[in-house]
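A structural walkthrough
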Amino acid sequence: KQVVSTQSTGLCHFEGLKMGEWYDGEEKNGQRNFLANIPTTVDLQNNGTMYLHIISARNDAQINPLHPEYKKHDVVIVSRIWTRFKKLKIESTTNLLTGETKNKIEGAEDGEIISYWHPNLTLSMLDDQRVWPAGQPIPPPFDKWIDIDMELMQYKPILYINDYWELNSDLIAINDTVKELPLNIIYSPISVFYFQIYEAQKMQKQWNGMLGVAEASDEENDIVKRTMLETNPYILGVTIVVSLVHTVFEFLAFKNDIQFWKSRKSLEGLSIRSIMFNMFTQLIVVLYVLDNDTNTMVAISVCIGLVIEGWKITKVMDISVDMANPVLGIIPRVTIKDKSSYAESPTKRYDKLAFKYLSWVLTPLLVVYAVYSIVYEEHKGWYSWTLSMCYGYLLMFGFIMMTPQLFINYKMKSVAHLPWRMLTYKALNTFIDDLFAFVIKMP
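These lines cover the structure that appears in this document, whether it is placed above or below. (Residues numbered from 1 in each chain as written. Predicted model: local features only at pLDDT ≥ 70, side-chain atom pairs only at ≥ 80, totals over all residues. Heavy atoms only, no water.)

1. A few points about the packing of helix 5 (residues 272–291) against helix 6 (residues 296–316)
- Running from amino to carboxyl end, helix 5 crosses helix 6 at an angle of 155 degrees, the nearest separation of the two axes being 9 Å. When the axes of helix 5 and helix 6 are compared, the pair comes out roughly antiparallel. Taken as a pair, helix 5 and helix 6 cross one another with a handedness that is left-handed. Contacts from Ile 272, Ile 275, Met 276, Asn 278, Met 279, Gln 282, Leu 283, Val 285, Val 286 and Val 289 of helix 5 reach helix 6 at Ala 299, Val 302, Cys 303, Gly 305, Leu 306, Glu 309, Gly 310, Lys 312, Ile 313 and Val 316. (Axes fitted to C-alpha atoms, helices over the stretch in contact; angles between N-to-C directions. Helix = DSSP H or I, 4+ residues; strand = E, 2+ residues; numbered from the N terminus. Parallel < 35°, antiparallel > 145°, perpendicular 65-115°, else oblique. Left-handed = near helix turned anticlockwise from the far one by under 90°. Contact = heavy atoms within 4.5 Å.)

Following this line, the structure appears as structure tokens:
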């Protein structure tokens, strides 16, 4: 059998292919490659449609339907629209001082529907040697592909266009500046097992659409596929196991943090100002995550962290609500005071002194980072700049916030008052996050 586009004027012509030949090609891996550059036309540059026609035929068979010796059971034809139409998404970020942006595309607007081209085409002939009984229903997903000729009692081989591994990040936008489009054609056989897996993914997507189930975004799908393509299988297996351990450790960290503060009677030796600052830090993280449309699981995790930090404030401070003397006659008056176990111990003095010294270091760093961010980076607006500046600053210098607790530990010559279980689980999760950073493209 042979896979061709046409025998004379086609783009690509593979000869001498055999059904189920897994050791074909230069590298004896069953794969053949062909790289072509297709000139663009004026119509294609203006949201035109490009069709690809793939023809598989027996050796020496006529593929022209008008030829007298043409036999339809000797030819398999598969057609596919190769141009894709998607809404153009341009990040609406600008330099807040100059108004300039690097994301601008000439002649295109955000939300405009334009055509895209994918540079990879994978063709596969299904290696299926089974005999399907005539007159009986064929199970899915084969029922969409197998057409039995009742006269010859035969069915044509399945020529499959495998688009599962096509990444959306590889799409090429087509406009009047694009003169040629690359197309890497790959032919290889495919087993029944992998054929069923790929088709099951498509069926799941169809069912999700019918049932209204929310699907992962193109970016999230690309991350999963790129991880499987570019990661060593052993490292990938370790990552899957470690990700489950990460979930368990995160749950245990939340659990032990709640247990520690729920049963804590004395606040001696604990930095209450650090807890207040952690509340502010967690609020910045939540607002930044929501502003940047991050993964849902990440958003849920940081929101749970914010709730826990807010609850901890109620355990380390005396909070009272005075309904009899409201502010402006409407808003209940909230009074916040230090607990006696904190205010009457040296801890408060050490805590205040540590933050005083810390402000001498953090304030200049904050000013410098804010100037750098507004001068050299682009943002969606002043609100997004404030969040990204604070978030980036916390990521870069947030470790310094551990120093008040270290200072108190040094002055009190003790660390027995710390929540060691929670700190241990968080330390392990930090290591796991670093491991993920080497495997998965982080946001």
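2. With respect to helix 4 (residues 233–263)
- The end-to-end C-alpha separation of helix 4 is 45 Å, in line with the 45 Å expected for 31 residues at 1.5 Å each.
- What helix 4 keeps buried is the set Leu 236, Thr 239, Val 242, His 246, Phe 249, Ala 253, Asn 256, Asp 257, Phe 260 and Trp 261. (Expected span 1.5 Å × (residues − 1). Buried < 20%, exposed > 50% of the residue type's maximum accessible area, 1.4 Å probe, protein only.)

3. Considering the pattern of salt bridges
- Taken as a whole and assessed by the stated rule, the structure comprises 11 salt bridges.
- The salt bridge partner of Arg 84 is Glu 166, with a shortest N-O separation of 2.1 Å. Here the residue Arg 84 occupies a position in strand 6 (residues 83–87), and Glu 166 occupies one in the loop between strand 11 (159–161) and strand 12 (172–173), the gap between them amounting to 82 residues.
- A residue is classified by how much of its surface remains accessible, and Glu 166, at 6% relative accessible area, is buried.
- Among the ionic pairs, Asp 257 bridges to Lys 312, the shortest N-O distance being 3.3 Å. Of this pair, Asp 257 sits in helix 4 while Lys 312 is found in helix 6, placing the two residues 55 residues apart along the sequence.
- Lys 312 sits in the buried class, given a relative accessible area of 4%.
- Through salt bridges with shared partners, a single network forms among Arg 80, Asp 163, Glu 199 and Lys 202. (Salt bridge = Lys/Arg side-chain N within 4 Å of Asp/Glu carboxyl O.)

4. Comments concerning the side chain of Ser 124
- Its place among the elements puts Ser 124 in strand 8 (residues 120–125).
- Separated by 3.1 Å, the side chain of Ser 124 and the backbone oxygen of Ser 188 make a polar contact.
- Excluding residues within four positions of it along the chain, Ser 124 makes contact with Ile 158, Leu 159, Tyr 160, Tyr 187, Ser 188, Pro 189 and Ile 190. (Polar contact = N/O pair within 3.5 Å; in protein donor to acceptor, adjacent residues only side chain to side chain.)

5. Regarding unusual backbone geometry
- In this structure, the amide linkage connecting Pro 140 to the following residue, Pro 141, adopts the cis form with an omega of 5 degrees.
- Here Pro 141 shows up in the loop between strand 8 and strand 9 (148–149).
- The backbone of Lys 28 shows a phi angle near 55 degrees, a positive value even though the residue is not glycine.
- With respect to the helices and strands, the residue Lys 28 is situated in the loop between strand 2 (13–14) and strand 3 (32–39).
- By relative accessible area, Lys 28 is classed as exposed at 56%.
- You will see that Asn 47, though not glycine, has its phi angle at about 60 degrees, which is positive.
- By the secondary structure assignment, Asn 47 is in the loop between helix 1 (42–45) and strand 4 (51–57).
- Given the relative accessible area of 33%, Asn 47 is considered partly exposed.

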